[in-house]
Amino acid sequence: MTGRRIALAALGALLLGVTALVVRKAIRAARSELASFHPRQGPVARPAELDGLGDVRDVAFGACGVVLRGWYVPSRNRAAVVLTHGSDADRRAVVRELRALADAGFGALAFDWPGHGESGGRVTFGACEIEAFHAAVGFVASQPEVDGARIGAFGISIGAALVAVAAPEDRRVRALVLVSPFTDADVLARWQYSELGPVTQWPALWVDHAYGDGNLRPIDAIGRLEACPLLVVISGNDEVGPPSMSDAIYAAAPQPKDRLVVPGVGHCEVDAGTPGPYRERLVTFFEANLLAAVTPSRSP
């Protein structure tokens, strides 16, 4: 009898330990996903990459009833590009791209998404971010030195996903670059939190839907991109979202389109891995599609 009691006690302790481990994993998954809705906010200092770049302006514009802030470099070639960063970041995440484009004569606007950096509002990864993107395009289009028919857009990570949804609705966008986009936010969350299956997936999905605007599905929107050249840049060893998602976005997009695979680099590390070829491709893509003849079929 004593032995049986000891065995039952040991089994109970084991089950209790397993339950505690499962609960901890579930809580950790929820907290991890929740962090993306509460990124660091505060002053955004200009990084060294902007040193020596002539006219870099601190700018502000409105969307969703809040003020969005960013940096704008005026255009010297009549064309301009809107640059968007990923989650839990701010406009400094796209400063290398801004510098490369500005050095080539393009106007460049890098801004903080709502609830990020110095911008007001909160993170929803949905309607407010889409409105913010349209407002950013409008800001660029209103600059006197910019030809409104020569505006491009760039997005990285979830910035790429948001731009992939917004750009087909905004006919002012004439060329588009997406770095490490995903296809479906729910599918991505299931992939990222697959450690214990539903135990870790469901808490993350609950957070996404409770704090966000629902499931963000760039795969549904990218097929509506019309007469807008697209370049998809893929991180070969992406650990945040499988490269197959970027491939799927590329496959679903209409022509004209192209892709650049950067092997051996992790999520959004395409510039750190091969800065020369990546930046050169970025600049030449926008030069080919914004400085050439305007496409009449995509008039505002």
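Reading guide: rules and limits
- Residues numbered from 1 in each chain as written.
- Predicted model: local features only at pLDDT ≥ 70, side-chain atom pairs only at ≥ 80, totals over all residues.
- Heavy atoms only, no water.
- Helix = DSSP H or I, 4+ residues; strand = E, 2+ residues; numbered from the N terminus.
- Buried < 20%, exposed > 50% of the residue type's maximum accessible area, 1.4 Å probe, protein only.
- Contact = heavy atoms within 4.5 Å.
- Areas by Shrake-Rupley, 256 points an atom, 1.4 Å probe, with all protein chains shown as cover.
- Salt bridge = Lys/Arg side-chain N within 4 Å of Asp/Glu carboxyl O.
- pLDDT = per-residue confidence, 0-100.
- Pairing = 2+ DSSP bridges.
- Right-handed = clockwise from strand over helix to strand, strands pointing away.
- 1 Å grid on protein atoms, 1.4 Å probe; cavity = no way out; pocket = protein on both sides within 12 Å on 5 of 7 lines; lining within 4 Å.
- Points joined across faces, edges and corners; volume = space filled by probe spheres on them.
- Nonpolar A, V, L, I, M, F, W, Y, C, P; charged D, E, K, R; others polar.
- Axes fitted to C-alpha atoms, helices over the stretch in contact; angles between N-to-C directions.
- Left-handed = near helix turned anticlockwise from the far one by under 90°.

Enquirer: How do you make sense of the overall build of the protein chain when you look at a structure like this?
Expert: Within the protein chain one finds 10 helices and eight strands. Going through the 300 residues of the protein chain one by one, you find that 52% of them count as buried. Sequence separation of at least 24 residues holds for 76% of the intrachain contacts in the protein chain that already meet a minimum separation of 6. If you sum the accessible surface of the protein chain, you get close to 12,900 Å²; carbon and sulfur atoms cover 57% of it.

Enquirer: How should I be thinking about the pattern of salt bridges in this particular structure?
Expert: Side chains that differ in charge, positive against negative, can pair when their charged atoms come close. Taken as a whole and assessed by the stated rule, the structure comprises 17 salt bridges. For Arg40, the salt bridge identified is with Asp90, shortest N-O distance 2.9 Å. Of this pair, Arg40 sits in the loop between α1 (2-35) and β1 (57-63) while Asp90 sits in the loop between β3 (80-84) and α2 (95-103), and the two are 50 residues apart along the sequence. A relative accessible area of 7% means that Asp90 is categorised as buried. Of the charged contacts, one joins Arg96 and Glu49 as a salt bridge, the two residues approaching to 4.0 Å between their closest N and O atoms. Taken together, the residues Arg96 in helix α2 and Glu49 in the loop between α1 and β1 connect sequence positions 47 residues apart. By relative accessible area, Arg96 is classed as partly exposed at 34%.

Enquirer: It is not clear to me how the confidence of the model for the protein chain should be interpreted in this structure. Could you clarify?
Expert: The predicted coordinates should not be examined in detail at positions where pLDDT is low. Averaged over all residues, the pLDDT of the protein chain is 88; the fraction at 70 or higher stands at 87%. Confidence over residues 16-21 falls short of pLDDT 50; this stretch has zero contacts with residues more than four positions distant or in other chains.

Enquirer: Teacher, can you tell me more about the environment of Ile158 here?
Expert: Position of Ile158 relative to the elements: it lies in helix α4 (residues 158-166). C-alpha of Ile158 to C-alpha of Phe182: the two residues are 24 residues apart in sequence and 7.5 Å apart in space. The residues contacting Ile158, other than those within four sequence positions of it, are Gly86, Ser87, Phe125, Phe182 and Leu216.

Enquirer: Even after reading the chapter, I still don't get the pairing of strand β5 (residues 151-156), so can you show me in this structure?
Expert: Put simply, side chains in a regular strand alternate between the two faces of the sheet. In terms of burial, β5 is a largely internal element, six of the six residues being buried. Taking every second residue as pointing to the same face, both faces of β5 are buried, with Ile151, Ala153 and Gly155 on one and Gly152, Phe154 and Ile156 on the other. Taken together, the five bridges between β3 and β5 define a ladder with parallel strand orientation. Note on β5: the bridge partner recorded for Leu83 is Phe154. The sheet contact formed by β5 and strand β6 (residues 173-179) spans six bridges and is parallel. Bridge pairing in β6 places Ile156 opposite Val179. After leaving β5, the chain enters α4 and then returns to the sheet as β6, a path that is right-handed.

Enquirer: Explain the layout of surface pockets here, please?
Expert: Reported here for the largest pocket is a volume of approximately 580 Å³. Along the wall of the largest pocket there are 39 residues; nearest its centre are Ser36, Ser87, Ile158, Leu188 and Gln192. Secondary structure elements with two or more residues in the lining of the largest pocket: α1, α5 (185-192), α6 (198-211) and α8 (243-252). No other element matches the four residues that α5 contributes to the lining of the largest pocket. Partitioned by chemical class, the residues of the lining of the largest pocket number 18 nonpolar, 15 polar and six charged.

Enquirer: Sorry, what's going on with the packing of α5 against α6 here?
Expert: Helix-helix packing is described using two parameters, namely the angle between the two axes and the distance between the axes. Here α5 crosses α6 at 145°, and the two axes come no closer than 9 Å. Crossing hand, α5 versus α6: right-handed. In contact with Asp186, Ala189 and Arg190 of α5, α6 contributes Gln201, Leu205, Asp208 and His209.

Enquirer: How should I be thinking about the sheet that holds β1 in this particular structure?
Expert: Within a sheet, neighbouring strands are paired by backbone hydrogen bonds and run either parallel or antiparallel to one another. One open sheet holds the eight strands; their spatial order is β1-β2-β4-β3-β5-β6-β7-β8, and the pairing between them is mixed. Each end of this open sheet is capped by a strand with a single partner; those strands are β1 and β8 (257-262). Pairwise comparison of adjacent strand axes, ignoring direction, gives a mean angle of 20° for this sheet. Strands in contact with α2 are β2 (66-73), β3, β4 (107-111) and β5; relative to β3, the strand with the most contacts, it is inclined by about 175°. Each of β1, β2, β3, β4, β5 and β6 touches helix α3 (residues 127-141); the most contacted strand, β1, lies at about 130° to it.

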